[in-house]
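Chain by chain, the residues run as shown.
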Amino acid sequence: MVLDERSERSAAPAAVRVALERLADEAPLMVERAAEDPGIAGALVAVLAASRSLTRVIDSRPVATIDVLADIDRRPSADDIGDVTGLVEWRDLEFLRIAARDLVGLDALEQVGDALARLGRDVLAHACRLTDDDSGRLTVIGMGKLAGEELNYSSDIDVMFVGDGPRRDLERRARAIMDVARRCFRVDANLRPEGRDGPLVRTIDSYASYWERWAEPWEFQALLKARPAAGDPELGARWLEVAQRALWARPFDADALRSLRSMKARAEAEVARKGIDTRELKRGPGGIRDIEFTVQLLQLVHGHLDPDLRGATTLTMLAEMAREGYIDEGDGDRMAVAYRLLRTVEHRLQLVDEQQVHTIPDDEPRLDHLARVMGRRDTPEGTASEHLLRELRSTQATVRSIHERVYFRPLLEAFAAAGPTEAALDPEATEARLLAFGFADAARTQAAMRDLTRGLNRSSRLMQQLLPLLLDWLSQSPDPDLGLLQVRNLLTGPRASRQIAETFRDSPAAARALCTVAGTSRLLGDVIAANPDLVARLDDPDRLATQPLDVLVDRATTALRLREGDDERQASLRRWQQRNLLGIGARDVLGEADVRRVGHDLAILAEGTVRAALDSIGPKVEFAVLGLGRFGGSELAYASDLDLAFVHRGTTTADIDEARRVAQSLMRMIGGSTPARRIYEVDADLRPEGRSGPLSRSLESWLSYWRDQALTWERQAMTRARVVAGDAALGSELLGRLDQFVWEPGLSAEGVREIRRMKARIENERIPMGEDPDFHLKLGRGSLSDIEFTVQMLQLQAGVRAPGTLDAITALAAEGVLDPTDADVLAESYAFCEQVRNRWFLVNSGPGDSLPTQPESLLWLARAMDTTPGGLREHYRRVTRRTRTVVERVFYGLPGRH
């Protein structure tokens, strides 16, 4: 009767009934014993309802398991464990006892995690004892949740080994220990230095050397939860002392912290890509990892100053941080409540089959079972599963909200305090946190925050609420100090308005995008400051996208027709170009456009600018503008000049004078009378006879020059020529009639030698002062000029026409002129060098053709490329080295590996 009543009230009545019937057939006395003891009955039914795997354990050993359930306050005796089989049987009984205490509500999450961790350590200790062969001293180091005493029911046991003795013998024993332990748990040793490629056992000195020279930031994060678990205790204690010294000897710097945050963001993105982010308890937004990561990051930031923050247990450290003011006390309490709920749900999921499950079921039967094991029941307000889902969604939203502001809210409270308070961060901790998150000047940061929150008006109140989020987003930008300065200027300068603050409130995505853009590029920040209405567009990549050419031209010409005088029209055109440039730059910085798209959009914008300018000038003769070089190839960079050439129809003096006027006016309008008024740097030197020739030539004059005087380098230049403005028929006629000179002769041996000599002269030219010859993106070996010369020579040799370099590489490979593998090498290097050059222009707010030589500038550029200075340089070396090998073989004809 007792069992029947408990079965019906359980989370899975049908499953419990079936299990009890089977148990009654196999061990009727055990069922009778349970029926007579409410304690046994409650524990038995709870386990049968929650766990199929433990039901199988009970089926296989009814007497031993009922004995355990009869006294769940006492651990099963481990005195008689003499072999691996005995260890496995003991582990199952202790695991059952822990689960039973959990399910009947005797133990809270902390006690459950501690008991499971203790079980894990005991298994490792018995494995050490059962495999002892006197090969030397060996200690098992527990990592992760094992060391944190917060193990899951289905956690891996992460381990490393430290030894003193013959390495081969110690590694053999370490493998034997893992083989034994794996009969009871999943055991993983891949967190060790160098992962699977590294030695399984190291000495203490080897660990210390690795940490000093090679360890990545995530490996120091892992050391937060690293403690001796089994084996030689004295060796383990010495290892721990050395590990703690390596972890806490110096502050955790901003780039190390940034790399950890990037890793977490990538993990979240992967969860979102799989479409399970709303169901993922561990790695989804507002999940378990948000809480654990917050705690660990703040430990790394402040632990070198405060020894009380060097613990391994999440909830213990969370409480300490709240108590000492490292996080808001209310936030700490809410995160602790959320952590207990999320981990408990995770436990219930894993208990079913002892599988590593972190995802809420998406089918109703399993979801209903989970909800009922969690103690939820149907009510008039909803089903058990609906109640649980609402609670989880609310919890995850709370956690994510706290996670986004937790790092900076205490700083605002500390800055706002009139004097030291018990809960406020002290100045040393405040500066440490700001430095760790990339704000180099604490006083300047404090002044900026006070400016942003000064006053009692609505905008100030909004900023007081938003500032922790803004600071967090700024801290993830390449230059947080620059970003904060630009955001402050935007919100407190003469153009400030409540509308911007309300845009932030209504669209956090726009605010976050602004922080990224402002912390990357002063140039783009200045454009936003001059056009604050554009902030509202930053949350939608489609609103930032470059419009089709005809739309651009129509809008630009309309704007110019409203202005009077050349100066007003030129200023209007420049404002229009800058507003559209922001869209290209922002999409680039925000990762919404690849290098090919950026080059195309920049070319479209430049073409629209030239067309609008020419329309405002109003040619009185047939007049066409040719785009050459990168402009003609539709692959402009931010730093590119506009290479232009001009053609007109007519040979009278009046025609020539009018064409000259139009060309000069166009160059002046686009190039500006001063650098401050410049829209683009304009270069017309690729025209026939260069600077010595007339600015615009008639059609007949062009043809005459090309029949008699054109050089090979001019043929190279014309491979990228296209009509960009003016009389399209005239421009197309010229290009069509030049085809016979540019493409039809092919390329003679002398032509090849001439191109190679020109390239050699360029390589021998002095790199401009201040630019690094070893990391030059344009003139370096294997960089842009190598690729462009190679591709143009092959195009002329084979008559393969394509507008830009990347398109030409694809076309050459398709025609069999260029080996596909070589094509991939050239394309990779071109895209990399072009992207870095573009990004450096935005970061530097000006042109630069090499990786910066100043460490701080290189750091900002590397961050903008989501890498490190060393990683950026190594990437450059790798792609350009491979490209140079192809260039020497294909362009110079030197023997080499294919």
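Note that this is a predicted model, so its numbers are computed, not measured. (Residues numbered from 1 in each chain as written. Predicted model: local features only at pLDDT ≥ 70, side-chain atom pairs only at ≥ 80, totals over all residues. Heavy atoms only, no water.)

*Asks:* Any chance you could break down the nonpolar core for me, citing the residues and the numbers?
*Replies:* Formed by 153 residues in total, the largest nonpolar core has its most connected members in Trp 211, Trp 239, Val 345, Phe 504 and Val 625. Broken down by element, the residue count for this core peaks at 11 residues, all from helix α31 (residues 595–617). Setting aside residues no more than four positions away along its own chain, Val 625 makes contact with Val 610, Leu 614, Leu 644, Ala 645, Phe 646, Leu 666, Arg 722, Val 723, Val 724 and Ala 725. One finds Ala 19, Ile 98, Ala 100 and Ile 177 within the second-largest nonpolar core, a separate group that totals 70 residues. (Core = buried A, V, L, I, M, F, W, Y, C linked by side-chain atoms within 4.5 Å. Buried < 20%, exposed > 50% of the residue type's maximum accessible area, 1.4 Å probe, protein only. Helix = DSSP H or I, 4+ residues; strand = E, 2+ residues; numbered from the N terminus. Contact = heavy atoms within 4.5 Å.)

*Asks:* How would you sum up the layout of surface pockets? Please name residues and give values.
*Replies:* The calculated volume of the second largest pocket comes to roughly 1100 Å³. Lining of the second largest pocket is provided by 28 residues; of these, Asp 643, Leu 686, Lys 778, Glu 788 and Phe 789 occupy positions nearest its centre. Looking at the lining of the second largest pocket, the elements with two or more residues in it are α32 (629–632), α35 (712–718), α37 (749–764) and α38 (784–798). When residues in the lining of the second largest pocket are grouped by element, the largest group, five residues, is from α38. Partitioning the lining of the second largest pocket into residue classes produces 10 nonpolar, six polar and 12 charged. (1 Å grid on protein atoms, 1.4 Å probe; cavity = no way out; pocket = protein on both sides within 12 Å on 5 of 7 lines; lining within 4 Å. Points joined across faces, edges and corners; volume = space filled by probe spheres on them. Nonpolar A, V, L, I, M, F, W, Y, C, P; charged D, E, K, R; others polar.)

*Asks:* Break down the side chain of Gln 396 for me, citing the residues and quoting the values.
*Replies:* Relative to the elements of secondary structure, Gln 396 occurs in helix α19 (residues 384–405). Judged by its relative accessible area of 7%, Gln 396 falls in the buried class. Ignoring anything within four residues of it in the chain, the contact list for Gln 396 reads Thr 278, Glu 280, Leu 281, Pro 285, Gly 286 and Leu 342.

*Asks:* Requested: an account of the pairing of strand β7 (residues 642–648), with residues and values cited.
*Replies:* Among the seven residues in β7, seven count as buried, and that is most of the element. Burial along β7 is two-sided: Leu 642, Leu 644, Phe 646 and His 648 and Asp 643, Ala 645 and Val 647, pointing in opposite directions, are all buried. Pairing analysis gives six bridges linking strand β6 (residues 623–628) to β7, with the strands arranged antiparallel. Opposite Ala 624, over in β7, you have Val 647 as the bridge partner. Pairing of β7 with strand β8 (residues 682–683) involves two bridges; the strand directions are parallel. (Pairing = 2+ DSSP bridges.)

*Asks:* Could you give an account of the packing of aromatic side chains, with specific residues and numbers?
*Replies:* For the structure on display, the rule yields 12 aromatic pairs. Seen from their ring centres, Tyr 407 and Phe 437 are 4.9 Å apart, and the 40 degrees between their planes marks the pair as tilted. Highlighted residues: Tyr 407 in the loop between α19 and α20 (409–416) and Phe 437 in the loop between α21 (427–436) and α22 (442–453), separated in sequence by 30 residues. The pair Tyr 407 / Phe 437 is uniform in exposure class, with both members buried. A centroid spacing of 4.8 Å and a plane angle of 85 degrees characterise the contact between Phe 891 and Tyr 892, whose relative ring orientation is edge-to-face. Its relative accessible area of 0% is what places Phe 891 among the buried residues. Connected via pairs of aromatic rings, a cluster forms that spans Tyr 407, Phe 408, Phe 437 and Phe 439. The ring of Phe 95 has Arg 91 lying over it, and the distance from NZ or CZ to the ring centre is 4.3 Å. Sitting above the plane of the Phe 293 ring, Lys 264 keeps its charged end 5.7 Å from the centroid. (Phe/Tyr/Trp six-rings, centres within 6.5 Å; stacked < 30°, edge-to-face > 60°. Lys NZ or Arg CZ within 6 Å of the ring centre and 35° of its normal.)

*Asks:* Tell me what's going on with the environment of Ala 336, and back it up with residues and numbers.
*Replies:* Tracing the sequence through the fold places Ala 336 in helix α17 (residues 329–351). Considered as a pair, Ala 336 and Thr 316 are 20 residues apart in the sequence and their alpha carbons are 9.5 Å apart. If near-sequence neighbours (up to four positions away) are discounted, Ala 336 is found in contact with Leu 315 and Leu 318.

*Asks:* Lay out a negative patch on the surface with the relevant residues and their values.
*Replies:* Together, Asp 426, Glu 428, Glu 431 and Asp 441 give the surface a local cluster of negative charge. Residue placement: Glu 431 occurs in helix α21. (Patch = residues over 30% accessible without salt bridge, like charges linked within 9 Å, V, L, I, M, F, W, Y side chains within 5 Å. Areas by Shrake-Rupley, 256 points an atom, 1.4 Å probe, with all protein chains shown as cover. Salt bridge = Lys/Arg side-chain N within 4 Å of Asp/Glu carboxyl O. Lys, Arg positive; Asp, Glu negative; His and termini not counted. Charge placed at Lys NZ, Arg CZ, Asp CG, Glu CD.)

*Asks:* Give a description of the pattern of salt bridges that names residues and reports values.
*Replies:* Evaluated as defined, the whole model comprises 83 salt bridges. Two residues, Asp 685 and Arg 691, come together in a salt bridge whose shortest N-O distance is 2.8 Å. For Asp 685, a relative accessible area of 26% corresponds to the partly exposed category. For Arg 691, a relative accessible area of 70% corresponds to the exposed category. Here the salt bridges share partners, and the residues they tie into one network are Asp 328, Asp 331, Arg 334, Arg 405 and Arg 409.

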